[in-house]
Amino acid sequence: MMWQKNMATNSLITASIYTVFVKTASDRINLVEDFILRAILAAIGISIIAGSLGCFVIWKRMSYFSESISHSALLGVSLGLVSGLGLHFGLIVVGVIFAILIVVLQQRKFLSNDAILGIFSHISLSLGVVILALVGSANTDYFALLFGDILSITNQDIAWIYAVLVLVGTLLIVFWQRLLLLTLNEDLGVASGLNKLRYQLLFMLMIALTVSVSVQIVGVLLITSLLIIPPAIARVFSRSPVQMVLFSMITSVVAVAIGLSGSMHYDIATGPTIVIALGALFIASQLFPSKRLT
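Given the structure is predicted, the values throughout are model-derived calculations rather than measurements.

Engineer: In this structure, what is going on with a nonpolar patch on the surface? I would like to understand it.
Structural biologist: Together, Val242, Leu246, Phe247, Ile250, Val254 and Ile258 give the surface a local cluster of nonpolar side chains, amounting to about 500 Å² of exposed area. Mapped onto the secondary structure, Ile258 falls in helix H10 (residues 241-266). Ile258 sits in the partly exposed class, given a relative accessible area of 47%.

Engineer: Explain the pattern of salt bridges to me, please; I cannot follow it from the model alone.
Structural biologist: Side-chain pairs of opposite charge can arise where the charged atoms are in close proximity. Evaluation of the coordinates by the stated rule reveals 1 salt bridge. In this structure, the salt-bridge partner of Glu186 is Lys196, at a minimum N-O distance of 2.8 Å. A residue pair is termed long-range when its members are at least 10 positions apart, and Glu186 in helix H7 (residues 186-191) and Lys196 in helix H8 (residues 196-218) qualify at 10 residues. Of the residues examined, Lys196 reaches a relative accessible area of 35% and is grouped as partly exposed.

Engineer: Can you walk me through empty space enclosed by the protein in this structure?
Structural biologist: Summary: where empty space remains is shown by rolling a probe the size of a single water molecule over the atoms. The final tally for this structure, using the stated rule, is 1 cavity of 30 Å³ or more. Empty space within the largest cavity amounts to approximately 30 Å³. Taken together, Ile69, Ser72, Ala73, Leu91, Val94, Gly95, Ala208 and Val211 make up the full set of residues lining the largest cavity. If you list the elements that add at least two residues to the lining of the largest cavity, you get helix H2 (63-83), helix H3 (87-108) and H8. For the lining of the largest cavity, the class distribution of residues is 6 nonpolar, 2 polar and no charged.

Engineer: What should I look at first to understand the side chain of Ser78 in this one?
Structural biologist: For Ser78, the location among the structural elements is in helix H2. A distance of 2.9 Å separates the side chain of Ser78 from the backbone oxygen of Leu74, its partner in a polar contact. Residues in contact with Ser78, not counting those within four places in the same chain, are Gly128, Ile131 and Leu132.

The rules behind the values
- One numbering rule holds for all chains: residues counted from 1, following each sequence as written.
- This being a predicted model, a pLDDT of at least 70 is required before a residue's local features are given, and a value of 80 or more before pairs of side-chain atoms are given or counted; all residues contribute to the totals for chains, interfaces and linings.
- The basis for every side-chain value is the complete set of non-hydrogen atoms in the structure, without hydrogens or water.
- Residues enter patches when their relative accessible area tops 30% and they take part in no salt bridge; the joining distance is 9 Å for like charges and 5 Å for the nonpolar side chains Val, Leu, Ile, Met, Phe, Trp and Tyr.
- Using a 1.4 Å probe, accessible areas were evaluated by the Shrake-Rupley method; residue-level cover was limited to the displayed protein chains.
- By salt bridge we mean one thing: a side-chain nitrogen of Lys or Arg within 4 Å of a carboxyl oxygen of Asp or Glu.
- Segments assigned H or I by DSSP are reported as helices when at least four residues long, segments assigned E as strands when at least two residues long, and all are numbered from the N terminus.
- With a 1.4 Å probe rolled over the protein chains alone, any residue whose accessible area is under 20% of its type maximum counts as buried; one over 50% counts as exposed, and the rest are partly exposed.
- In this analysis the probe radius is 1.4 Å and the grid spacing 1 Å, with only protein atoms considered; a cavity is a set of points the probe fits into but cannot get out of, a pocket is an open set with protein on both sides within 12 Å along at least five of seven lines, and lining residues have an atom within 4 Å of a point.
- Grid points are joined across faces, edges and corners, and a volume is the space filled by probe spheres set on the points.
- Gly is put with the polar residues, along with every residue not named as nonpolar or charged; the nonpolar set is Ala, Val, Leu, Ile, Met, Phe, Trp, Tyr, Cys and Pro, and the charged set is Asp, Glu, Lys and Arg.
- The term polar contact refers here to a pair of N or O atoms within 3.5 Å; inside protein, the definition further demands a hydrogen-donor-capable atom paired with an acceptor-capable atom, and it admits residues adjacent in sequence only when both atoms are side-chain atoms.
- Note on contacts: a residue pair is in contact if any heavy atoms of the two residues lie within 4.5 Å.

Encoded structure:
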């Protein structure tokens with residue numbers, strides 16, 4: 001009887017050790033693998049979106065516009081928190097309103113484009129700060145909003161990112177020739193019967209969608225870097241617009257992968273790490289002879 005009791009006791013101890021150490025460790029590994037996988041999927045999706053649209057930002061010389069609409073993202077975040085409908089809802093609503101207002105005011109031509117962008121950029125940024133101060137709680141991660149926290153990505157965020165990727169990708173493929181013509185030779189595009197206002201608004205709305213999904217990866221203050229730096233690097237090695245778009249997407253994915261790895265390894269903010277990786281790649285690209293884009 002004694003030996004049976006000892007065997008039962010040993011079995012119970014073994015089962016307890018397995019539960020506490022082995023199973024718990026396995027669950028933790030699976031959890032870590034899940035959020036890393038989500039971070040990688042999000043990084044790839046956002047890199048493709050930003051890398052492709054960023055080429056048009058460079059060609060159109062709209063870097064200040066992308067900077068302005070990224071500042072408006074803080075107001076979008078505030079609206080999402082106040083309404084309770086989520087960050088993506090607030091970001092899209094504010095981004096769309098911002099883009100429409102800018103296009104309408106640009107048509108009136110009573111102020112220069114940079115003046116209009118500067119006015120709305122600072123108004124929306126200030127409103128966002130004030131509203132967050134009023135409605136924000138102790139649980140609000142302001143650092144993540146400003147500089148990104150890609151490791152907090154959820155499955156719902158992944159679905160949203162790839163929905164935007166499909167939508168933006170489809171629009172670019174369908175309207176590629178018309179957008180490219182208006183970008184590279186606006187007068188010829190208008191003479192060909194293209195509605196400049198319609199396509200300008202379409203492009204700005206796509207930028208607004210891109211900003212809405214990029215906040216979590218690089219934050220409000222650094223979104224523009226994903227739109228500008230990859231195309232600037234790709235331009236060095238490209239001979240055609242299509243090449244530049246492809247190289248820009250590849251560059252963006254590589255930089256985000258490097259930044260994500262550094263962020264997890266050193267436990268530092270994701271957004272600035274990605275921008276540093278982009279900066280290093282940009283400096284390295286300047287050491288190569290530039291190819292002529294045709």
